[in-house]
Structure formats: structure tokens, C-alpha cells
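Commentary on secondary and tertiary structure
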Amino acid sequence: MLQLVPLFEKMFSQKGFVVLEDNPRLLVVDSATTKAEDEKDGVHCTVRINGKEACDSIARGVDMILPCGLEKNWGMLAPQVDGEAIVSNIEVENPETMSVSENPSEEFGDTESADANEQGGEFPPATVNPEQTDATEDGNTQLSRELQEEVSRVKEDLLDALGSASIQGTLIEDPKVAPNSIVFTFDGRPQSMSVATIISKATDFKVHYGLEILRVVPKPRKVCVHIKREHREVIKWSNAWPRVKSLCQQDKKLYIGVAEEDARDLFLDPINRHGPHTLVAGATGSGKSVLLRNLLYSIGETTTPQESRIILIDPKMGQDYFAFNGMPHFYGSTDEEAWVSRQDTAQELLRALVAEMEARTYHLSQHHCENLTQYQELIADPSSPEWLPRLWVFHDEFAMWMLDRNYKQLVDSTIAQLAVMARSAGIHLVFATQRPSHEVVSVQTRNNLTNRLILKVSDEGSSNIALGKGGAESLLGQGHILIRRDGEDGDDLVEGQVAFHHKDDVKAGVKKIVEKYAGSSLCEPFLSRRH
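For the structure given in this document, a descriptive report is provided here.

Rules behind the numbers
Residues numbered from 1 in each chain as written. Predicted model: local features only at pLDDT ≥ 70, side-chain atom pairs only at ≥ 80, totals over all residues. Heavy atoms only, no water. Helix = DSSP H or I, 4+ residues; strand = E, 2+ residues; numbered from the N terminus. Buried < 20%, exposed > 50% of the residue type's maximum accessible area, 1.4 Å probe, protein only. Contact = heavy atoms within 4.5 Å. Areas by Shrake-Rupley, 256 points an atom, 1.4 Å probe, with all protein chains shown as cover. Bend = angle between axes of the 7 residues up to and from the residue. Salt bridge = Lys/Arg side-chain N within 4 Å of Asp/Glu carboxyl O. Phe/Tyr/Trp six-rings, centres within 6.5 Å; stacked < 30°, edge-to-face > 60°. Lys NZ or Arg CZ within 6 Å of the ring centre and 35° of its normal. Polar contact = N/O pair within 3.5 Å; in protein donor to acceptor, adjacent residues only side chain to side chain. Pairing = 2+ DSSP bridges. Axes fitted to C-alpha atoms, helices over the stretch in contact; angles between N-to-C directions. Core = buried A, V, L, I, M, F, W, Y, C linked by side-chain atoms within 4.5 Å.

In terms of regular secondary structure, the chain is built from 14 helices and 17 strands. Residues counted as buried form 49% of the 531 residues belonging to the chain. Pairs at least 24 residues apart make up 68% of the contacts formed inside the chain by residues separated by at least 6 positions. Accessible area of the chain: about 24600 Å², with a carbon and sulfur share of 46%.

What follows deals with helix α7 (residues 237-251). Where α7 bends most, the angle comes to about 50 degrees, and this point is V244. All of the buried residues along α7 are W237, A240, W241, V244 and C248. Looking at the packing, one finds that the buried side of α7 touches β9 (254-259), β10 (265-268) and α8 (288-302). One or two positions beyond α7, positive phi appears at K252, with a value near 60 degrees.

For the rest of this paragraph, the subject is the pattern of salt bridges. Per the stated rule, a full pass over the model turns up 24 salt bridges. Measuring nitrogen to oxygen at the nearest pair gives 2.6 Å for the salt bridge that ties E173 to K176. Connected through salt bridges with shared partners, the residues R145, E146 and E149 form a single ionic network.

Time to look at the packing of aromatic side chains. One pass over the full model with this rule turns up 10 aromatic pairs. With a centroid separation of 6.4 Å and an interplanar angle of 70 degrees, the aromatic rings of W241 and Y297 are classed as edge-to-face. Of the two residues, W241 sits in helix α7 while Y297 sits in helix α8, which places them 56 residues apart along the sequence. Judged by its relative accessible area of 7%, W241 is buried. Residue classification places Y297 among the buried positions, given a relative accessible area of 6%. Of the aromatic side chains, those joined through ring pairs into one cluster are W237, W241, Y255, F267 and Y297. A cation over a ring is seen here: K253 above F267, with NZ or CZ 4.2 Å from the ring centre. The side chain of R529 reaches across the aromatic face of F526, ending 4.8 Å from its centre.

So, on to the side chain of H395. Within the secondary structure, H395 sits in strand β13 (residues 390-395). Within the local environment of H395, its side chain forms a polar contact with the side chain of Y407, the two groups lying 2.6 Å apart. If we ignore the near neighbours within four places in the chain, the residues touching H395 are I313, P315, W401, Y407, V430, F431 and A432.

Below, the discussion takes up the sheet that holds strand β7 (residues 213-219). One open sheet holds the 4 strands; their spatial order is β5-β6-β8-β7, and the pairing between them is antiparallel. Of all strands in the sheet, those with a lone pairing partner are β5 (176-177) and β7, marking the two edges. In this sheet, strand β8 (residues 222-228) lies alongside strand β6 (residues 181-187) in antiparallel orientation, the contact comprising 7 bridges. What sits directly across from T185, in β8, is C224. Contacting β5, β6 and β8, helix α4 (residues 145-164) crosses the sheet at an angle of about 45 degrees to β6.

Here we take up the sheet that holds strand β14 (residues 427-433). Taken in spatial order, the 9 strands make up an open sheet running β10-β9-β17-β16-β15-β11-β14-β13-β12, and their pairing is mixed. In this open sheet, the two strands that pair with only one neighbour each are β10 and β12 (308-313). Taking each pair of neighbouring strands and ignoring which way they run, the sheet shows an average axis angle of 25 degrees. Pairing geometry for strand β15 (residues 451-454) and strand β16 (residues 480-484), over 3 bridges, is antiparallel. Bridging from a neighbouring strand, I454 pairs with L482 of β16. Lying on the sheet, helix α9 (residues 343-366) is in contact with β12, β13 and β14; it crosses β13 at an angle near 150 degrees.

On to the nonpolar core. Ranked by internal contacts, the top residues of the largest apolar core, which has 47 residues, are Y255, L291, F324, F394 and L453. The element contributing the most residues to this core is α8, with 7 residues. Setting aside chain neighbours within four positions, we find F394 in contact with L292, L295, L296, I299, I310, I311, L312, I313 and V430. By size, the runner-up hydrophobic cluster in this structure holds 32 residues, among which are I311, A352, L429 and I465.

Further remarks concern the side chain of T185. For T185, the position within the fold is in strand β6. Judged by its relative accessible area of 1%, T185 is buried. Beyond its immediate chain neighbours, meaning those up to four positions away, T185 contacts T170, L171, I172, E173, K176, K222, V223 and C224.

A few words now on the environment of P382. Position of P382 among the secondary structure elements: in the loop between α10 (372-379) and β13. Put simply, P382 and C523 are 141 residues apart on the chain and 9.4 Å apart in space, counted from C-alpha to C-alpha.

Now for the pairing of β12. Counting buried positions along β12 yields 6 of 6 residues, so the element is predominantly enclosed. The alternating pattern of β12 places S308, I310 and L312 and R309, I311 and I313 on opposite faces, both of which are buried. Taken together, the 6 bridges between β12 and β13 define a ladder with parallel strand orientation. Residue pairing across strands places R309 opposite L391, the latter belonging to β13.

Structure representation (C-alpha cells):
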């Protein structure tokens, strides 16, 4: 035990969390302890140690809170790892040379970690993480004992916190366990049940009760409070895709993930229901690349190369899209690369899209078709020289080239023109950026990219640009998303979790797609380029 003191002293002093005494006393307690005192002057350090991972968590300052009833002292509680304290397994031979990771969590999906792949799952009523559910006698599943205890504990603490703030909280629905939070639904009729009041008390609830409020959502006569879970869940693509694949094939929809509030599946439907064009934004670690890969894979898995062609523009030279090499749906690239990474080639393609929209619009009118879907039904045969595929244009990290005035003007002009008739012509844009600033995303471009898939961004200003309101800056990263789809969600935001699709699984799936369509004859997708 004594050898742990210099280790934690080094961690605390390096991170600047607190000023320690010359001879600090370290008291280690197990996860069930909420209050403890040493034999002298009260608690000086309360730490929960549940395995080796707790050391990293403490060093990072994860969930730094004051334990209830110990406001005059200070404490730091590391997340639970196992069910009980394990101190004997921690070996510190030379604490002075021990290094501590500054950022142990890697970007969701872009630099995958083993932990991200192994700890995930889905939540009721969708396919759930087996470790978080127990089987009943009739074969159904229920929340595991640990998760039930967490829900019960958080519920009690939340009711106590609301009571201490003179907020009359009456639960009208059972708590829902979501991937990132536990959702509590309160009767919204009492005057004290105010969204603004709850938000203003968020800091006090975190400090005094250990409750981190992620969102407070007003609804007719009720208020939903989202409390961060102790351990988040990962929605696995391998579990979700078999459930939604046939629906995506039937309706030509793209799969995103699950909704946080009720676990329903979330789709993007630019062809039939939602706006034709989409803005995606998210900082490093937000899961933006995973989301884009999911959309691309959905197209490749549910449509033939004759039905859909993809143009992928990526200034980063395809760093996140190597798994798609060889997929026949891609157009405008080489046989070895699925993307376009040269700015001059990208400019040529953007100009060609405007000409293509005009050519297709005239062609459809000549055949008395209102849109591309009707035209494809009329032609019926994808091998016909009269056939026209749908065009999907993905532009990742377009902010990198928007510093070029000419390119910015071209992008703004192209999006503005395509917004007029692109849906009927079968052309859909998906533009993505890490930094949704005024310089990158003009007001005109925002108005024309009407679907918004916004992951965690760096600040409230970026959230206001991307969503028209704050909130995205408070997301947890790693696929935690706010969605607004034109034609369905109105002004409301849908909170969700993006399905995690491992790169190796993407690569294996693409290999099957390549084998499936090997030898297929593909015509020139641009009508304006046919002779």
C-alpha cells in the first residue's frame, strides 16, 4: 500500500488536480464505499480502485467529483472496472519512471482499439450486449444485475438532486437504458419542472451527486432527462445490419445506427423521404469517418453498380477508405483507388455534375418522367444503353480546399445549382468536414445541405453553424450523434449512436461485393459524357 503513495502523488502533482500536503495520506476504498475517514484529520484522498485500468483513469481525471457528504474535502472516483477493489495486482517498482497516457482513447473507427471492438453491444429492445443482459426462463433477455443496480442508483440520486433543487420530479415512464445514457421521463406539468432550471443545476448535480446530464429534452407535458451511463455501449454493425439490410434494399435507405431515446433504427433516405443533400460534421474522434463508411457500404451492399455509382472526393488521399478499393460502384477514380484526391480532378467532376443535372432533366422530360425512379422503371433493363444510374457524391474534408477562393466559389455554386433539380435527376451530395466554420460552410451551402448528421464538434459556435443551435459540442464522441433530416424531424433533433463497423469487416464485405459483380459491364454514368 505504501508504495502506491508516490505513484498517485506523482500523477496528481503532474496533472495539477490538487495541491498535496508534504506527507499526503492516501486512503484506498472499494467501490461500495461512499464515505470513509482516516484516523487523524478526516478524508484527504478517496479513490476507487477496481483494477489496473483505474490508474489510467485517475491520471486522466475521469469523472472528477466530490463524493456526497464530503464537500469540505476532495475526491476522485475512477470508473468501475470489476466488481471489487483489486489493489494487490498493481505493481509499482519504480513510480518515478512510470509514464501515464495523456489520451488513451483512440478515434472511433479511424484508429480502432481492441477495447472498442470488444466492449460494445446494443441495448434493449434491439440486440444487446450479452454481458449487460441475463437470460430469463422463457428465453428472453433482461438487464443484467449490474445494470439494474446502476439504473436504480441513478434514479434515486436524480430524484434526490431534483428535490434538493426544489424541482417536483414525478416519473411517468420506466427509465430507458440507451447506449450513452439512462433516460428518465418526468411529468412536465408542475411549474418547477423547468428545462432551463434543470440545465442550470447540471454542475451542482455533477459535483454533489455524480450525475452528468447529457441532454434535457422538452416534450408535450413531459421532460426527458438523459444521464450519462457509467459505461457506454457500442452498437455493433455486425448485429444491426442483418436486421435492417432487407429494409435498406427495399426502400433504398442508408443505415446510420439507433436512436438514443427509444432504440429505433435510424436511416437516411435522400431518395424518397428526406432532403437530397446532406451535411456531415464532426471533430477528430467523433466517429465521422465511421459514419461515412457506413453510408458508403450501405449503398454498395444494397444496390448494384448499374443502379448506383459513387464519386468519392477526399483530399486526404483515401486514408479512411482503403477498404473500398476495387468496389465497382466507384467512379472517377483509378482501378487501384476508390477516391479522387486531386483538386483539379475534383473541380472537373463538380462542373460536370451541373451539366449532368441539366442533361438528365431534359432527358427525363423527353420521356415524360418526373424523376429518375420513374425513368428506371420505364427502361427496366440496367444493361440497356438508355439506362441511367443514381449518382452519389461524397466529399470528405472539403474544408481543406475551401481556402482556395476559386474552389470555394465552385463548391457553393455547384451545391446551389444542384439543390434545384438534383433529386429528380438522381444526384445526391454528402459533404463532410471537421470544422463547420463560417468560412467553410456558407449560409447558402447550409440552406441547401438540408439533412444534418452532426457528431461531436469542438465548440458551441461550430454546433450553431452545423445544426442551427448548440448541443453538438456536448456530445461524447465515438459515434454519439445529433440528427435532423429534412422532411421527417422538422426542427427537432434526434439523438443517436452510430453503428460501429470495423475496417476489417468493411474490407471483407467489399471483397464479397467485388466478387459478386466481377466481369459486370458498366456504362458511362454521365449522360452528358456519352457520345
